Amino acid sequence: MTPSEDAPRDPEHIALALSGGGSRAIAFHLGCLRALHAEGILDRVQAISAVSGGSVLAAIYCSHEGDFPEFETSVRALLARGLVKPALKTAVTTVEGPKTLLCAIPLAAVQLVRFVLRLGLRLLPKSSVPRMRFEAWIREPPMCRFASRTTILRRTLSDNVFRGKVLPDLRDDRPKLIIVACELRTKSAFYFSSQGVGSWRLGETEPGTIEIAHAVAASAAFPVFLPALDEYLSFTNKGTVRRQRVILTDGGVYDNLGLAPLWPDRDPDISLHVDRCDTIIACRAGYSLDEAPAPSFWPSRMIAAIESIHARAQNFAMKRLFDLKNAGLLKGILIPYLGQDDAKLAYPPPDLVTREATAAYPTDFSSMPAEWIDRLSRRGEQLTLALLREHMPHLLGSTSSRTSDSYR
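Residues numbered from 1 in each chain as written. Predicted model: local features only at pLDDT ≥ 70, side-chain atom pairs only at ≥ 80, totals over all residues. Heavy atoms only, no water.

Quick look at the packing of aromatic side chains
What describes a pair of aromatic rings is the distance from one ring centre to the other and the angle between the planes of the rings. Counted only if it meets this: Ring pairs shown here join Phe, Tyr and Trp side chains whose ring centres sit within 6.5 Å, with only the six-membered ring taken for Trp; geometry is labelled stacked below 30 degrees between planes, edge-to-face above 60, and tilted in between. Should the NZ of a Lys or the CZ of an Arg lie within 6 Å of a ring centre and within 35 degrees of the ring normal, that charge is described as sitting over the ring.
This model, assessed by the stated rule, comprises seven aromatic pairs. Taken together, the aromatic side chains of Tyr61, Phe68 and Phe71 make up a single cluster linked through ring pairs. When the ring centre of tryptophan 200 is taken as origin, the NZ or CZ atom of arginine 201, which lies over that ring, is 5.7 Å away.

Okay, here's the thing in structure tokens:
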């Protein structure tokens, strides 16, 4: 991105996108928000779109009852204790653990019946009615995953972070929050907001009974490690109300950068939550450019292939940001990126936390040492300030980052 000398003096609609990336993303994005808050920009943000780890931070920011320092203190405390140990405690001390064990029984039974039916289908004529019924049942057996590791996470978030708040409890004086999940049956984005929940394929459902923790857990249900949330919801689509099954997994499967709701060329007659913005700040804490170990065997090759597709999709999304900017559909874009090439920064602070110093942290939700919280959040803050100074100096506050502690 090259500096823009004719940047708009007063962009009207600023949107913020927070990518996935587990606790690493929470810490990095915390620093980005700290920089935006210090410059008075965060108060001007009208919408936040967030995925997975980014949705945890965004949901806390948009629901926390205190000021920014109190919000930061609560986030740092969450990072320090992590979500793994609290989830284990939830599994042991609440009904969620026994329910998950109990759920394994019908789930195993269904899988066994499906296996037997597949064998039995070979004995039935292809055009017979029983065969067609069995095939339909095999394609979509009754929902039975009423509890899982993800529902344990949901309960943990509800009890320890969001205190049972529902989506309409999000603060009116904070930006509109859109939490992105992926619906696996329709293979489409699924949005949670206080103004509506659903997707363009399914329609909308009322947000009044949906907990913030539910939305965050759905957005963070990373495949393999956390099962998808499997449930029925009633959707209104073109005046028709229909109860449908939804299977919700990590929003990063669909869009790990959280940009999907913010594209300026979306059609409000089709898409949900079309909020016009002319400036996008996309905070990216995802994959780096480091080489992974050689994928020599089938499982590692499959993982590497999925990661390659995932990385390519993110690169295309980045390119689309620049294409929209060049086409005049966006006035400005800013991309604080954890893997930023530091040599290309025009105004790096002298004490810059380097890319290499933050490259090794994993994307899980384990407890984070204080050193890493400081390191990752500091890099997010420094990159955001440096890029603002280089590309959007008109957004800087009266106490400019040119003389802030980051540049002394």
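Having seen the model, we can carry on.
A look at helix H1 (residues 22-38)
Owing to its 3.6 residues per turn, the α-helix brings residues three or four apart onto one side. Rules: Numbering goes from the N terminus for both helices and strands, where a helix is a DSSP run of H or I of at least four residues and a strand is a run of E of at least two. Under the convention used throughout, the expected extent of a helix is 1.5 Å for every residue step, that is, one less than its residue count. Note on exposure labels: buried denotes an accessible area under 20% of the residue type's maximum, exposed denotes more than 50%, and partly exposed covers the range between, all computed with a 1.4 Å probe on protein chains only.
With 17 residues, H1 extends 25 Å between its outermost C-alpha atoms, agreeing within 8% with the 24 Å of an ideal straight helix rising 1.5 Å per residue. Across the 17 residues that make up H1, a large majority, 15, are buried. Positioned one or two residues after H1, glycine 40 has a phi angle of 75 degrees, which is positive.

A word on a nonpolar patch on the surface
To keep things clear, this is the line we draw: Put simply, a patch holds well-exposed residues, over 30% relative accessible area, that have no salt bridge, with like charges counted together within 9 Å and Val, Leu, Ile, Met, Phe, Trp or Tyr side chains within 5 Å. Every accessible area reported is derived by Shrake-Rupley at a probe size of 1.4 Å, with residue values counting cover from the shown protein chains alone. Salt bridges, as used here, are contacts in which a Lys or Arg side-chain nitrogen is within 4 Å of a carboxyl oxygen on Asp or Glu.
Taken together, Leu102, Ile105 and Phe146 make up a surface patch of nonpolar side chains, about 310 Å² in accessible area. Counting through the fold element by element, isoleucine 105 comes out in helix H5 (residues 96-120). Under the relative-accessibility criterion, isoleucine 105 is labelled exposed at 58%.

Notes on the pattern of salt bridges
The full count for this structure, using the stated rule, is 17 salt bridges. Where aspartate 159 meets arginine 155, a salt bridge forms, and the shortest distance between an N and an O atom there is 2.7 Å. On the criterion of helical spacing, the pair formed by aspartate 159 and arginine 155 is a turn pair, its members being four residues apart in helix H7 (residues 149-162). In this structure aspartate 159 comes out as partly exposed when scored by relative accessible area, which is 31%. A salt bridge links arginine 355 to glutamate 356; its shortest N-O distance comes to 3.9 Å. For glutamate 356, a relative accessible area of 58% translates into the label exposed. Overlapping salt bridges, with partners in common, bring together Arg34, Glu72, Asp351, Arg378 and Glu381 in one network.

Considering the packing of H1 against helix H12 (residues 370-391)
The following threshold applies: Each axis is a line fitted through C-alpha atoms, taken for helices only over the stretch in contact, and angles between the N-to-C directions span 0 to 180 degrees. Throughout this description, any angle smaller than 35 degrees is read as roughly parallel, any larger than 145 degrees as roughly antiparallel, any in the 65 to 115 degree range as roughly perpendicular, and the remainder as oblique. Note on convention: the crossing is left-handed when the near helix lies turned anticlockwise from the far helix by less than a right angle, right-handed when the turn is clockwise. Only heavy atoms matter for contacts: two residues are in contact if any of them lie within 4.5 Å across the pair. Residues are sorted three ways: Asp, Glu, Lys and Arg are charged, Ala, Val, Leu, Ile, Met, Phe, Trp, Tyr, Cys and Pro are nonpolar, and all the rest, Gly among them, are polar.
Their axes nearest at 7 Å, the elements H1 and H12 cross at an angle of 40 degrees. Classified by the angle between their axes, H1 and H12 sit oblique to one another. Classified by chirality, the crossing of H12 by H1 is right-handed. On the side of H1, the interface is formed by Arg24, Ala27, Phe28, Gly31, Cys32, Arg34, Ala35 and Leu36, while H12 contributes Ile373, Leu376, Ser377, Arg378, Arg379, Gly380, Glu381, Leu383, Thr384, Leu385 and Leu388. Along the lines of polarity and charge, the residues of the contact of H1 with H12 split into ten nonpolar, four polar and five charged.

Here's the deal with the pairing of strand S7 (residues 229-237)
What counts here: Two strands form a pair only when DSSP identifies at least two bridges running between them.
Both S7 and strand S8 (residues 240-250) contribute to a ladder of nine bridges, which runs antiparallel. Counted as the bridge partner of leucine 233 is glutamine 244 from S8. Counting the residues in the hairpin turn of S7 and S8 gives two residues, including lysine 238, whose phi is positive at 55 degrees.

Quick word on the environment of tyrosine 361
Checked against the element boundaries, tyrosine 361 lands in the loop between helix H11 (355-358) and H12. Note: C-alpha distance between tyrosine 361 and leucine 376 (15 residues apart in sequence) is 9.1 Å. Beyond its immediate chain neighbours, meaning those up to four positions away, tyrosine 361 contacts Arg24, Ser366, Ser367, Met368, Pro369, Trp372 and Leu376.

Some details on the nonpolar core
Applicable threshold: Grouping buried Ala, Val, Leu, Ile, Met, Phe, Trp, Tyr and Cys residues that are joined through side-chain atoms within 4.5 Å yields what is termed a nonpolar core.
One finds Leu16, Leu18, Leu33, Ile48, Phe71, Phe190 and Phe192 to be the most contacted residues of the largest nonpolar core, which totals 76 residues. Take this core: its biggest share by element is eight residues, from H1. With sequence-adjacent residues up to four places away left out, isoleucine 48 is seen in contact with Leu16, Leu18, Ala58, Tyr61, Cys62, Pro175, Lys176, Leu177 and Ile178. Counting 17 residues, the second largest nonpolar core, distinct from the first, contains Leu257, Ala282, Leu330 and Ile333.

Regarding helix H4 (residues 84-93)
Let me state the cut-off plainly: By definition, the arc is the one covered by directions from the helix axis to the C-beta atoms.
Residues of H4 that are buried: Pro86, Ala87 and Thr90. Projected down its long axis, H4 carries its buried residues within an arc of 100 degrees, all on one side. Exposed residues pointing more than 90 degrees away from the buried face of H4 are listed as Lys85, Leu88, Lys89 and Val92.

A closer look at the pairing of strand S5 (residues 196-199)
Of the two faces of S5, the one holding Gly196 and Gly198 and the one holding Val197 and Ser199 are both buried throughout. Here strand S4 (residues 188-193) pairs with S5 via three bridges, running antiparallel. For tyrosine 191, the partnering residue across the bridge sits in S5 and is glycine 198. In this antiparallel pair of consecutive strands, S4 and S5, the connection spans two residues.

Some words on the packing of helix H2 (residues 53-63) against helix H8 (residues 212-219)
The angle between the axes and the distance between the axes are what describe a pair of packed helices. Interhelical geometry of H2 versus H8 gives an angle of 160 degrees and a closest axis separation of 9 Å. The angle between H2 and H8 falls in the class roughly antiparallel. As H2 runs across H8, the sense of the crossing is right-handed. Seen from H2, the contacting residues are Ser55, Val56, Ala59 and Ser63; seen from H8, they are Ile212, Val216 and Ser219.

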